[in-house]
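Chain by chain, the residues:
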Amino acid sequence: MPLRSVFDGGDIKREFENAGLDPKFVPIIWKHVIQNQKRNGECEEFDWEKQVPWLPSAAYSLLRSRFKKPLSSSVHSVFHSADNLTTKLLIKLHNGAFVETVIMRYDTRLGKYAGKPRPGGLRSTLCISSQVGCKMGCKFCATGSMGFKSNLSSGEIVEQLVYASCLSEIRNVVFMGMGEPLNNYSALVESVRVMTGLPFQLSPKRITISTVGIIHAINKLHNDLPGLNLAISLHAPIQDIRCQIMPAARAFPLEKLMDALREYQRNSQQKILIEYIMLDGVNDEEQHAHQLGKLVETFQVVVNLIPFNPIGTLSQFRTSNEQKVSRFQKILRGDYGIRTTIRKQMGQDISGACGQLVVNQPDKKSLGNAGVITDIEDLVI
Ligand SMILES: C[S@@+](CC[C@H](N)C(=O)[O-])C[C@H]1O[C@@H](n2cnc3c(N)ncnc32)[C@H](O)[C@@H]1O
Ligand code: SF4
């Protein structure tokens, strides 16, 4: 059977080994494919001999027989925000489904997000999708309302980085786009291994996996992918509220989740990012801040308070007002000494947000009007 993406790292390396070829050729192939993508963009037919020189002839026969072209997905459309700090790519997968990936640029020269000017210019974070739709059904999330459609292959996950790298130098990757990455575990692991190896060489410290809290996967994550950042979509300090807004909390109870996080932290010795959407009248009262403070005060965490992004008629929630958010932050900081940040909004004018889209058709109407909300300073912990 023909392989779909040259970036399905495990598959192509296995093929090379089976053919008696050194798998060390594979990263060289990736480097040339990326260079070609940057220079020429999409291609109908790929001339392996021309585009990837100096391989043994057996490698060319293998590549020709397995791949008509190296990438399995394609970029359908690109949207830039007016300030040019956010770019959204709508990507068509081999099965005809669409996902999106969002580039967020932070101008460190302006010191806009860093507080003070630093050399280096633009740094970019890429928000990546791991699934089409999601079965976890969180009540505040547009992707959840789609239900689960399909998993991305590891190659399709990496291809988002390939396309984004053609537009910006990507320094950080966050799995905060469509889908629950830990529900597509083997593709996640494989894709991160490719991203951290040659030629991408992203530091694991610059990759963040955001999860609703799939306990059995968290238990093996540190072994499979040491050194990554883990972000937990907690969103409520007690099991009752969590179940109301996140049905998955019934299968992964808060108490057991906290036990798993404690174990994760003991093994990894790393800070955990706690994501907390501020929902008016649901989880944003002072008592909730105290409950959250008590729940996480013995952990090494950074709490990131997230303004709820409206998702049209799909949800009954409203975001908390600024006073409530800053009161919440004050309690966590002042009473519990917990580093607590508030996520900033970016790119609202291009109708894109990490994981908040229901992508049915690639027309502008279907893209909703949610804004990208994320803040690199909060994500790199
Ligand atoms: C879409 S999820 C994808 C990763 C993973 N499934 C998770 O839930 O952590 C990324 C982040 O976006 C948040 N999110 C989802 N819908 C949102 C909304 N309407 N407003 C703000 N944040 C939202 C999630 O809670 C999560 O923290
Ligand atoms: S917030 Fe994450 S886990 Fe929940 S439905 Fe959306 S993508 Fe799935």
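In short, a report on the structure. (Residues numbered from 1 in each chain as written. Chains lettered and ligands numbered in written order. Predicted model: local features only at pLDDT ≥ 70, side-chain atom pairs only at ≥ 80, totals over all residues. Heavy atoms only, no water.)

### Quick look at the site of ligand 2
Turning to step 1, where the next piece is worked out: Around ligand 2, the surrounding shell consists of Cys-134, Met-136, Gly-137, Cys-138, Cys-141, Gly-144, Gly-179, Glu-180 and Val-212.
Turning to step 2, where the next piece is worked out: Split by residue class, the shell around ligand 2 holds five nonpolar, three polar and one charged. (Near = heavy atom within 4 Å. Nonpolar A, V, L, I, M, F, W, Y, C, P; charged D, E, K, R; others polar.)

### Overview of the packing of helix α6 (residues 154-165) against helix α7 (residues 185-196)
Turning to step 1, where the next piece is worked out: The contact between α6 and α7 brings their axes to 8 Å, and the two run at 40°. Between α6 and α7, the crossing angle belongs to the class labelled oblique. Pair α6 / α7 crosses with right-handed handedness. On α7, the residues touching Ser-154, Ile-157, Val-158 and Leu-161 of α6 are Ala-187, Leu-188, Glu-190, Ser-191, Val-194 and Met-195. (Axes fitted to C-alpha atoms, helices over the stretch in contact; angles between N-to-C directions. Helix = DSSP H or I, 4+ residues; strand = E, 2+ residues; numbered from the N terminus. Parallel < 35°, antiparallel > 145°, perpendicular 65-115°, else oblique. Left-handed = near helix turned anticlockwise from the far one by under 90°. Contact = heavy atoms within 4.5 Å.)

### A short note on the site of ligand 1
Turning to step 1, where the next piece is worked out: Not every one of the 24 residues close to ligand 1 is listed here, only the nearest: Phe-140, Ser-210, Ser-233, His-235 and Asn-309.
Turning to step 2, where the next piece is worked out: Within the backbone of Gly-179, an N or O atom sits 3.0 Å from a nitrogen atom of ligand 1.
Turning to step 3, where the next piece is worked out: Its free accessible area being 540 Å², ligand 1 has 96% of it covered by the protein chains.
Turning to step 4, where the next piece is worked out: Grouping the amino acids of the shell around ligand 1 by side-chain chemistry returns 13 nonpolar, nine polar and two charged. (Polar contact = N/O pair within 3.5 Å; in protein donor to acceptor, adjacent residues only side chain to side chain. Areas by Shrake-Rupley, 256 points an atom, 1.4 Å probe, with all protein chains shown as cover.)

### Section: empty space enclosed by the protein
Turning to step 1, where the next piece is worked out: Summed over the entire model, instances satisfying the criterion amount to three cavities of 30 Å³ or more.
Turning to step 2, where the next piece is worked out: There is about 90 Å³ of room inside the second largest cavity.
Turning to step 3, where the next piece is worked out: Every residue lining the second largest cavity is listed: Val-33, Asn-36, Gln-37, Glu-42, Cys-43, Phe-46, Lys-69, Pro-70, Leu-71, Ser-73 and Tyr-163. (1 Å grid on protein atoms, 1.4 Å probe; cavity = no way out; pocket = protein on both sides within 12 Å on 5 of 7 lines; lining within 4 Å. Points joined across faces, edges and corners; volume = space filled by probe spheres on them.)

### What to know about the environment of Thr-340
Turning to step 1, where the next piece is worked out: Here Thr-340 shows up in strand β12 (residues 339-342).
Turning to step 2, where the next piece is worked out: For the pair formed by Thr-340 and Arg-250, sequence separation is 90 residues and the distance between their alpha carbons is 27 Å.
Turning to step 3, where the next piece is worked out: Once residues lying within four places of it in the same chain are set aside, the contact partners of Thr-340 are Val-303, Leu-305, Gln-329, Leu-332 and Arg-333.

### Quick look at the nonpolar core
Turning to step 1, where the next piece is worked out: Judged by nonpolar contacts, the single largest core of 106 residues is most densely connected at Phe-7, Trp-48, Phe-140, Val-173 and Phe-175.
Turning to step 2, where the next piece is worked out: By residue number, the principal contributor to this core is α7, which donates seven residues.
Turning to step 3, where the next piece is worked out: Residues lining this core come from more than one domain, with at least three contributed by each of domain 1 (9-66) and domain 2 (74-380).
Turning to step 4, where the next piece is worked out: Among all residues touching Phe-175, those that are not within four sequence positions of it are Ile-128, Ser-130, Ile-157, Pro-181, Leu-188, Ser-191, Val-192, Met-195, Ile-207, Thr-208, Ile-209 and Ser-210.
Turning to step 5, where the next piece is worked out: By size, the runner-up hydrophobic cluster in this structure holds nine residues, among which are Val-102, Tyr-106, Cys-127 and Met-176. (Core = buried A, V, L, I, M, F, W, Y, C linked by side-chain atoms within 4.5 Å. Buried < 20%, exposed > 50% of the residue type's maximum accessible area, 1.4 Å probe, protein only. Domains from an automatic or database assignment.)

### A short note on the pattern of salt bridges
Turning to step 1, where the next piece is worked out: Throughout the structure, instances matching the rule amount to eleven salt bridges.
Turning to step 2, where the next piece is worked out: One salt bridge in this structure joins Glu-100 and Lys-88, with 3.9 Å as the shortest N-O distance. Here Glu-100 is found in strand β3 (residues 98-107), whereas its partner Lys-88 is found in strand β2 (residues 86-92), with twelve residues between them in sequence.
Turning to step 3, where the next piece is worked out: Judged by relative accessible area, which is 0%, Lys-88 ranks as buried.
Turning to step 4, where the next piece is worked out: Through salt bridges with shared partners, one network takes in Asp-280, Asp-284, Glu-285, Arg-318 and Lys-324. (Salt bridge = Lys/Arg side-chain N within 4 Å of Asp/Glu carboxyl O.)

### Re the pairing of strand β11 (residues 301-307)
Turning to step 1, where the next piece is worked out: With respect to burial, β11 is a largely interior element, six of its seven residues being buried.
Turning to step 2, where the next piece is worked out: By the bridge criterion, seven bridges tie strand β10 (residues 272-278) to β11 in an arrangement that is parallel. Across the sheet, Glu-275 pairs through a bridge with Asn-304, a residue of β11.
Turning to step 3, where the next piece is worked out: Crossover handedness for the path β10 to helix α11 (residues 286-296) to β11: right-handed. (Pairing = 2+ DSSP bridges. Right-handed = clockwise from strand over helix to strand, strands pointing away.)

Any functional reading would require information that these geometric values do not contain.
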